Amino acid sequence: MPDLKINFCGIEFKNPVFTASGTYGFGREFNALYPISLLGGISCKGTTLAPREGNPPPRIAETPSGILNSVGLQNPGVEHFINEDLPWLLEQKTGIIVNIAGSTVEEYCEMAERLSETAVDIIELNISCPNVKHGGAAFGTSCASVTEITGEVKKHCTKPLMVKLSPNVTSIADIAKSAEAAGADALSLINTIMAMRIDIETRRPILKNNKGGLSGPAVLPVAIRMVNEVANAVNLPIMGMGGISDWRDALEMLLAGASAVQVGTILFNDPLAPIKIIDGLNRYLKSHGIARVSELTGAVQLW
Amino acid sequence: MKYTIEEAKLLKKEQLAKGIFRFTVFSPAVASVAKAGQFANISVAGKILRRPISICELDPQFGRIRFVFEVRGDGTAILSQAVEGDIIDLIAPLGHGFDLGDPSLQAVFVGGGIGVPPLLEAAKSYGRNASVYLGFRSEEAMILVRDFAVRGAAVRIATDDGSLGYHGFVTDLLKEKLQNDHVDIIYACGPRPMLKLIAAMAREQGVACQVSLEERMGCGIGACLVCACPILKDGVPTYRHVCKEGPVFNAEEVVWDA
């Protein structure tokens, strides 16, 4: 049997397949279809200090091989998560990444401190949400602000801190280096790509928020390129995401330099996609005589 | 949460009107637990998003369910090309359907256009105590009238162009009914302006009213929070989700002018 286990930030996960923040809630709805213990883990819905109502609808638009979304971080707040969702999640025996977002550095720090007291595995610093007016991507699009927020949050965080990067930047490798220098333990990328669609009859954007984030198979090649650039620029473990739909895509992401992957948009089409990806990776390792999945990380040979 | 992913065989495909199709599928796992007003999220070849389509009829004894849908865009156009024997990949039953009362209650069903099919299964449960008002653009767009009548419901039709039945809005028929008869509950599905008007009439008469709403949807199971609609919770507008807390809501709680 090939070994799908990975060690990510010193924590062992049963396989490298996670579900991406914002597509999987806190896991309950999918656990009704299959046990989420099969996953390497889940990255929970982006959580803020206080509950948030999110953006007005419509919040989604279909695009060629993808979707735009603009949910705007609707969530019940970090205390609700800790009291109502986390106890259930801990019983499910799956890896737990908590994605945190804030509108000030202080809010991020407070959440990191609070979550460090719990049994979550990793804190994912969401400085790349394109759908909120304050904070969000504003923190993630300049090297100076990435350095500042990563450094500050790190002081309040005793869990591994994984910084989630925005693709809406000139050089994602430079941003990644800033996060590394400021003490990030891992990186996750990419968040969604800023995009827009217009209804040709009403001449209005389809999304009420005008703009939203593009995700789905359409963004996979962008994500692969960015993960590879970042992998070549830093010495941090990477969780790669962006348009992964099947095990071949996941494998590409690992070869590009990721140690683990997150699967998101495809879940809306096939809730079982992560399970099929785990199976597919297993079969690939077996048929290629590879002992451990971790051997694939960064194994691409550039020309 | 009792939904499953089921590969349901398309047993029968019928065209009910221009661009409107009825699929009867073999889906025993869904048919055994589904309730009136719930929906299925159906996979369409080449599209990321599934298409949420309401369940029109349930036959748990033979493991069959029926959907009626209108071709509105690429996705439903692809779905409409399925042929008998094909596999329909669906996740169902989803959402909160109609809350059905005692069959002895006087129930009124008001449907507009493609809002008509989700009412059928609920209307059946009231037998002869159901009064059904169906509105269509024209006679050609008319669907399911006999299906409602077969259980003894009194059915009246309204068309926009007067080509059949009452010439005018279906809400006029409801108004007349509310003026003349005792009504215990109203169930409605159709265009939002129609629902808003019905909600106002129900409120005025102090009659309970349940409406089935639509919103652009993502996962369909309540995880992605995309299909938000403002619903009053203790008098305060709060985003609820059509896929999980809906599609059926108490009309009194819907924020109509959001």
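The structure this text deals with has already been given above.
Residues numbered from 1 in each chain as written. Chains lettered and ligands numbered in written order. Predicted model: local features only at pLDDT ≥ 70, side-chain atom pairs only at ≥ 80, totals over all residues. Heavy atoms only, no water.

Asker: Mind laying out the overall build of chain B, listing which residues take part and the relevant values?
Answerer: Secondary structure assignment for chain B yields six helices and 15 strands. When the backbone C-alpha atoms are referred to their principal axes, chain B occupies close to 50 × 40 × 35 Å. Out of the 258 residues in chain B, the part that is buried amounts to 54%. In chain B, the proportion of contacts linking residues at least 24 apart, taken out of those at least 6 apart, comes to 60%. For chain B, the accessible area works out to roughly 11,200 Å², and carbon and sulfur atoms hold 49% of it. Of the side chains in chain B, 28 bear a positive and 30 a negative charge, and the two mean positions are spaced by 3 Å. (Helix = DSSP H or I, 4+ residues; strand = E, 2+ residues; numbered from the N terminus. Buried < 20%, exposed > 50% of the residue type's maximum accessible area, 1.4 Å probe, protein only. Contact = heavy atoms within 4.5 Å. Areas by Shrake-Rupley, 256 points an atom, 1.4 Å probe, with all protein chains shown as cover. Lys, Arg positive; Asp, Glu negative; His and termini not counted. Charge placed at Lys NZ, Arg CZ, Asp CG, Glu CD.)

Asker: Any details on the overall build of chain A? Residues and values, ideally.
Answerer: The helix and strand tally for chain A stands at nine helices and 16 strands. Its C-alpha atoms give chain A a radius of gyration of 18 Å, near enough to 19 Å, the size a compact globule of 303 residues would have. Looking at chain A residue by residue over its 303 residues, the buried ones come to 61%. Taking all contacts inside chain A whose residues are at least 6 apart in sequence as the whole, residues at least 24 apart take part in 71%. Split by element, the accessible area of chain A, about 11,700 Å² in all, is 51% carbon and sulfur. Distance between charge centres in chain A, computed from 25 positive and 30 negative side chains, equals 4 Å. (Rg over C-alpha atoms; globule rule 2.2 N^0.38 Å.)

Asker: Outline the sheet that holds strand E16 (residues 260–263) of chain A, listing residues and values.
Answerer: Residue and element names in this part refer to chain A. Pairing within the closed barrel is parallel, and its eight strands lie in the order E3-E4-E7-E8-E9-E10-E15-E16. Averaged over all pairs of adjacent strands, the angle between strand axes in this sheet comes to 25°, irrespective of strand direction. As judged from the three bridges shared by strand E4 (residues 41–43) and strand E7 (residues 95–100), these two strands associate in the parallel manner. Bridge pairing in E7 links serine 43 to isoleucine 97. Its contacts with the sheet place helix H4 (residues 143–155) against strand E8 (122–126) and strand E9 (161–164), and it is angled at close to 155° to E9. (Pairing = 2+ DSSP bridges. Axes fitted to C-alpha atoms, helices over the stretch in contact; angles between N-to-C directions.)

Asker: Could you give an account of the side chain of Ser21(A), naming the residues involved and the relevant values?
Answerer: All names here are of chain A. Along the chain, serine 21 falls in the loop between strand E3 (17–19) and helix H1 (28–31). There is a polar contact of 3.2 Å between the side chain of serine 21 and the backbone nitrogen of glycine 46. Other than its neighbours up to four places away in sequence, serine 21 contacts Ser43, Cys44, Lys45, Gly46, Asn99, Glu124, Lys164 and Gln262. (Polar contact = N/O pair within 3.5 Å; in protein donor to acceptor, adjacent residues only side chain to side chain.)

Asker: Lay out the pattern of salt bridges in plain terms, naming residues and giving numbers.
Answerer: What the rule picks out here adds up to 28 salt bridges over all chains. Taking the shortest distance from any N to any O, the salt bridge between Lys5(A) and Asp3(A) comes out at 3.5 Å. A relative accessible area of 37% places Lys5(A) in the partly exposed class. Residue Asp3(A) is classed as partly exposed on the basis of its relative accessible area of 24%. Linked through salt bridges whose partners overlap, the residues forming this network are Lys12(B), Glu14(B), Arg22(B) and Asp147(B). (Salt bridge = Lys/Arg side-chain N within 4 Å of Asp/Glu carboxyl O.)

Asker: Outline the packing of helix H2 (residues 78–91) of chain A against helix H3 (residues 105–116) of chain A, supporting the account with residue identities and numerical values.
Answerer: All names here are of chain A. Running from N to C, H2 and H3 point in directions that differ by 15°, and their axes come no closer than 10 Å. Comparing the axis directions of H2 and H3 gives the class roughly parallel. Crossing handedness for the pair H2 and H3: right-handed. Together, Val78, Glu79, Phe81 and Ile82 of H2 and Met111, Arg114 and Leu115 of H3 make up the contact between the two elements. A class-by-class count of the residues in the contact of H2 with H3 yields five nonpolar, no polar and two charged. (Parallel < 35°, antiparallel > 145°, perpendicular 65-115°, else oblique. Left-handed = near helix turned anticlockwise from the far one by under 90°. Nonpolar A, V, L, I, M, F, W, Y, C, P; charged D, E, K, R; others polar.)

Asker: Break down the layout of surface pockets for me, citing the residues and quoting the values.
Answerer: For the second largest pocket, the calculated volume is near 680 Å³. Along its surface, the second largest pocket is lined by 23 residues, and Gln74(A), Pro76(A), Leu225(B), His241(B) and Glu245(B) are the ones closest to its centre. Secondary structure elements with two or more residues in the lining of the second largest pocket: H1 and H2 of chain A together with strand E14 (236–241) of chain B. For the lining of the second largest pocket, the leading source of residues is E14(B), giving four residues. Its residues placed into classes, the lining of the second largest pocket shows six nonpolar, seven polar and 10 charged. (1 Å grid on protein atoms, 1.4 Å probe; cavity = no way out; pocket = protein on both sides within 12 Å on 5 of 7 lines; lining within 4 Å. Points joined across faces, edges and corners; volume = space filled by probe spheres on them.)

Asker: So, a negative patch on the surface: which residues are in play, and what are the values?
Answerer: Residue and element names in this part refer to chain B. Where like charges cluster on the molecular surface, the negative patch consists of Glu139, Glu140, Asp160 and Asp161. You can see aspartate 160 is positioned in the loop between strand E9 (154–159) and strand E10 (166–167). Take aspartate 160: its relative accessible area is 45%, and that puts it in the partly exposed class. (Patch = residues over 30% accessible without salt bridge, like charges linked within 9 Å, V, L, I, M, F, W, Y side chains within 5 Å.)

Asker: Talk me through empty space enclosed by the protein; I want residue IDs and the actual numbers.
Answerer: As enumerated under the stated definition, the model contains two cavities of 30 Å³ or more in all. Approximately 510 Å³ is the volume found for the largest cavity. For the largest cavity, the lining is made up of 38 residues, of which Ser21(A), Thr23(A), Asn69(A), Asn191(A) and Thr192(A) are closest to its centre. Put simply, the parts of the chain that give the lining of the largest cavity at least two residues each are strand E6 (66–69), strand E14 (211–215), E16 and helix H8 (266–269) of chain A. Residues that form the lining of the largest cavity fall into these classes: 18 nonpolar, 18 polar and two charged. Lining the second largest cavity are Leu120(B), Ala123(B), Lys124(B), Ala130(B), Asp147(B), Phe148(B), Arg151(B) and Ala153(B). Broken down by secondary-structure element, the contributors of at least two residues to the lining of the second largest cavity are helix H3 (120–124) and helix H4 (145–149) of chain B. Of all the elements, H3(B) adds the most residues to the lining of the second largest cavity, at three residues. Looking at the lining of the second largest cavity residue by residue, the class counts come to five nonpolar, no polar and three charged.

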